[in-house]
Amino acid sequence: MKYYSTNQQAPIATLEKAVVKGLAEDKGLYMPEHIKPLPKEFFDNIENLSFQEIAYTVADAFFGEDVPAEDLKRIVYDTLSFDVPAVKVTDSIYSLELFHGPTLAFKDVGARFMARLLQYFLKKEGKGEVNVLVATSGDTGSAVANGFLGVDGIHVYVLYPKGKVSPIQECQFTTLGQNITAVEVDGVFDDCQALVKSAFMDADLNAHMRLTSANSINVARFLPQSFYYFYAYAQMKKLGLADQLVVCVPSGNFGNICSALFGKKMGLPIKRFIAANNANDIFFKYLQTGKYEPKASVQTIANAMDVGDPSNFARIYDLYGKDHAAICADISGATYADSQIADTIRQVEATTGYVCDPHGACGFRALQEGLEPGETGIFLETAHPAKFKDTVDSILGKSIDIPAKLQAFMQGTKQSTPMTRHFADFKQYLLAE
Ligand SMILES: *Cc1c(COP(=O)(O)O)cnc(C)c1O
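The residue numbers shown here count from 1 along each chain, following its written sequence. Side-chain atom pairs in this predicted model are given and counted only at pLDDT of 80 or more, local residue features only at pLDDT of at least 70, and totals for whole chains, interfaces and linings cover all residues. Hydrogens are left out, water is left out, and the side-chain values use all remaining heavy atoms of the structure.

Caption draft 1: Quick peek at the overall build of the protein. For the purposes of this entry, the term helix denotes a DSSP run of H or I that reaches at least four residues, the term strand denotes a run of E that reaches at least two, and both are numbered from the N terminus. Tallying secondary structure elements over the protein gives 20 helices and 14 strands in all. Based on the C-alpha atoms only, the size of the protein along its principal axes is roughly 65 × 50 × 40 Å. When a residue's accessible area, from a 1.4 Å probe over protein chains only, is under 20% of the maximum for its type it is buried; when over 50% it is exposed; and in between it is partly exposed. In the protein, which comprises 433 residues, the proportion classed as buried is 57%. Whether two residues are in contact is decided by their heavy atoms: any pair within 4.5 Å suffices. Summarising the internal contacts of the protein: among those between residues at least 6 apart in sequence, 73% fall at separations of at least 24. All accessibility values rest on the Shrake-Rupley procedure with a 1.4 Å probe; residue burial counts only the protein chains present in the view. For the protein, the computed accessible surface area is about 16800 Å², with 49% contributed by carbon and sulfur atoms. Positive charges come from Lys and Arg alone, negative charges from Asp and Glu alone, with His and the N- and C-terminal ends not counted. Note on charges: their place is set at NZ of Lys, CZ of Arg, CG of Asp or CD of Glu. Side-chain charges in the protein split into 40 positive and 50 negative, and the spacing between the mean points of these groups amounts to 2 Å.

Caption draft 2: View of the pattern of salt bridges. The rule for a salt bridge is simple: a side-chain nitrogen of Lys or Arg has to be within 4 Å of a carboxyl oxygen of Asp or Glu. All told, the structure shown has 23 salt bridges when counted by the stated rule. Among the ionic pairs, Lys427 bridges to Asp202, the shortest N-O distance being 3.2 Å. Of this pair, Lys427 sits in helix 20 (residues 423-432) while Asp202 is found in the loop between helix 8 (189-201) and helix 9 (203-208), placing the two residues 225 residues apart along the sequence. Exposure remark for Asp202: the relative accessible area of 13% places this residue in the buried category. For Asp330, the salt bridge identified is with Lys264, shortest N-O distance 4.0 Å. Within this pair, whereas Asp330 is found in helix 15 (residues 324-330), its partner Lys264 is found in helix 12 (residues 255-265), the two being separated by 66 residues in sequence. Taken together, the salt bridges that share partners define one network made up of Glu170, Glu184 and Lys414.

Caption draft 3: Spotlight on the site of the ligand. Throughout, near means a residue has at least one heavy atom within 4 Å of the molecule or strand. Neighbouring residues of the ligand: 15 residues in total, closest Lys107, Gly252, Asn253, Phe254 and Thr382. Measuring from an oxygen atom of the ligand, one finds a backbone N or O atom of Gly255 at 3.2 Å. Pairs of N or O atoms within 3.5 Å make up the polar contacts considered here, provided that, within protein, one atom can donate a hydrogen while the other can accept it, and that residues adjacent in sequence are counted only when both atoms are side-chain atoms. One of the backbone N or O atoms of Asn256 is found 2.9 Å from an oxygen atom in the ligand. When the free accessible area of the ligand is taken as 390 Å², the share hidden by the protein chains comes to 95%. Taken together, the residues of the shell around the ligand sort by class into 6 nonpolar, 7 polar and 2 charged. Charged residues are taken to be Asp, Glu, Lys and Arg, nonpolar residues to be Ala, Val, Leu, Ile, Met, Phe, Trp, Tyr, Cys and Pro, and polar residues to be all remaining types, Gly included.

Caption draft 4: Molecular detail of the packing of aromatic side chains. Ring geometry is summarised as follows: Phe, Tyr and Trp rings, the Trp one being its six-membered ring, pair when their centres sit within 6.5 Å, and such pairs are stacked at plane angles under 30 degrees, edge-to-face over 60 and tilted between the two. For the structure shown, the criterion picks out 22 aromatic pairs. Arranged with centres 4.5 Å apart and planes meeting at 15°, the rings of Phe51 and Tyr231 form a pair that is stacked. Of this pair, Phe51 sits in helix 3 (residues 51-63) while Tyr231 sits in helix 11 (residues 227-238), and the two are 180 residues apart along the sequence. Judged by relative accessible area, which is 13%, Tyr231 ranks as buried. Taken together, the ring pairs connect Phe62, Phe63, Phe113, Phe222, Phe227 and Phe262 into an aromatic cluster. The side chain of Lys73 reaches across the aromatic face of Tyr56, ending 5.1 Å from its centre. For a Lys NZ or an Arg CZ to count as sitting over a ring, it must be within 6 Å of the ring centre and within 35 degrees of the ring normal.

Caption draft 5: Examining the nonpolar core more closely. Ranked by size, the top nonpolar core spans 139 residues in total, and within it Phe63, Leu117, Phe148, Tyr228 and Phe230 carry the most contacts. With near-sequence residues (within four places) excluded, Phe148 lies in contact with Ala111, Met114, Ala115, Leu118, Val132, Ile154, Val156, Asn179, Ile180 and Ala214. Buried residues of nine kinds, namely Ala, Val, Leu, Ile, Met, Phe, Trp, Tyr and Cys, make up a nonpolar core once their side-chain atoms join them within 4.5 Å.

Caption draft 6: Representation of the sheet that holds strand 10 (residues 245-250) in the model. On the basis of which strands lie adjacent, the open sheet formed by 6 strands has the order 4-5-13-10-11-12 and mixed pairing. A single partner strand is all that each edge strand has here, and the edge strands are strand 4 (86-88) and strand 12 (331-335). Geometrically, the sheet is characterised by an average inter-axis angle of 25° between neighbouring strands, direction not taken into account. When DSSP finds two or more bridges between two strands, those strands count as paired. Summarising the sheet, strand 10 and strand 13 (residues 376-381) pair through 4 bridges and their orientation is parallel. Throughout, an axis means a line fitted to C-alpha atoms (over the contacting stretch in the case of helices), and angles, computed between N-to-C directions, take values from 0 to 180 degrees.

Caption draft 7: Quick look at the environment of Ser216. The topology assignment puts Ser216 in the loop between strand 9 (211-213) and helix 10 (219-222). Put simply, Ser216 and Met31 are 185 residues apart on the chain and 14 Å apart in space, counted from C-alpha to C-alpha. With sequence-adjacent residues up to four places away left out, Ser216 is seen in contact with Arg221, Phe222 and Asn253.

Caption draft 8: Spotlight on the state of the cysteines. In this description, a disulfide is simply a cysteine sulfur pair whose atoms lie within 2.5 Å. One pass over the structure, following the stated rule, counts 0 disulfides. Considering cysteine sulfurs only, Cys362 is the nearest to Cys356, which forms no disulfide, with 9.6 Å between them. Cys362 takes part in no disulfide bond, and the closest cysteine sulfur to it belongs to Cys248, at a distance of 8.6 Å.

Caption draft 9: Focus on helix 12. The element helix 12 is extensively covered by neighbouring structure, given that 9 of its 11 residues are classed as buried. Among all positions of helix 12, only Gly255, Asn256, Ile257, Cys258, Ser259, Ala260, Leu261, Phe262 and Gly263 are buried. Count one or two residues on from helix 12 and you reach Gly267, which has phi positive near 110°.

Take a look at the structure:
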């Protein structure tokens, strides 16, 4: 399979190049040239297959031409070492819990898959170690660090702003050791991002060490997210509830929902999608007006969706041939202020006992308001509520439990390298590594 850039100004790339480079030369996002529909028999029988079997079939459609079956199967099975259950919240609304992975958020799936695919290509090439640089404001760093933990031949540097990530998030990438180095930058997230970008462009550094990014726009991080939509469908089909299925995705950069739309193109029988936004309503406005007008993001309590210029909009736009009406036919939108998110968390807990995190709460509410008679909705619970414990505790007026997996991170010893926000210092540090 070859990959083209959404900007159409870069050469067609192999999967290997798309994974190692991440972004095309023209700053566009890579798209697979073909999306293979899966056979009817697969969907007829899907409820009898395991998550890993389903995922391997989907992975084969994208990566099967480039990765031998044995290797691809191992990568998929290793990646999905945890379940993604569809849990009943109300009679018509289910939660797809994507928080049973190592860092309790959906980004685990993409990060784990990418780490393993990158390792496969490095081994095949026989080239030495590669260094992954990633800037984080919290969640991405932990998913990438844990996804790559212990993967041979890859060293990860996580750059994060000192004092600006939550204690739980910080523990998730500073206590790992092994091939993960946390770099604590005396600055803000944008400083971390700037250091990473400068490093990629610096000739001395690139001559000294092989650098790559694990950005969320990477095809190896975004395409594997389609796996769990097929599995969600299988679970709902088993319950006899898949005929008019509406899938609601709390969205920020729109990578997650974009992978669902790829699933639909492959034949996944989902009736329609809802993209739930917090107050960052750029996509919502696009649906209403046909105009895409990025703006600076605003801070909300669903902070992983605080995005003012969603990068995967370019992929959705391309996938639908730039046709606004076609996009609106498959996807509707919703946008919620912090007060509405908080009300929803309280209301769902009071009426059902289910605790949503602030992102999942946007998804639940959009279904509650938007489902039509006869439809069943499933929203993606994109992170465990305990990852946003302070917020959720203060909304519910009580202390929610921290899962053992999260506790374990908090007991580790924090190790990080202090760094200024000046590139000269960061460069010197990397040259000495
Ligand atoms: C990253 C993230 C999102 C947004 O996903 P996109 O693919 O960027 O739309 C939603 N919720 C949580 C918890 C996240 O970490």
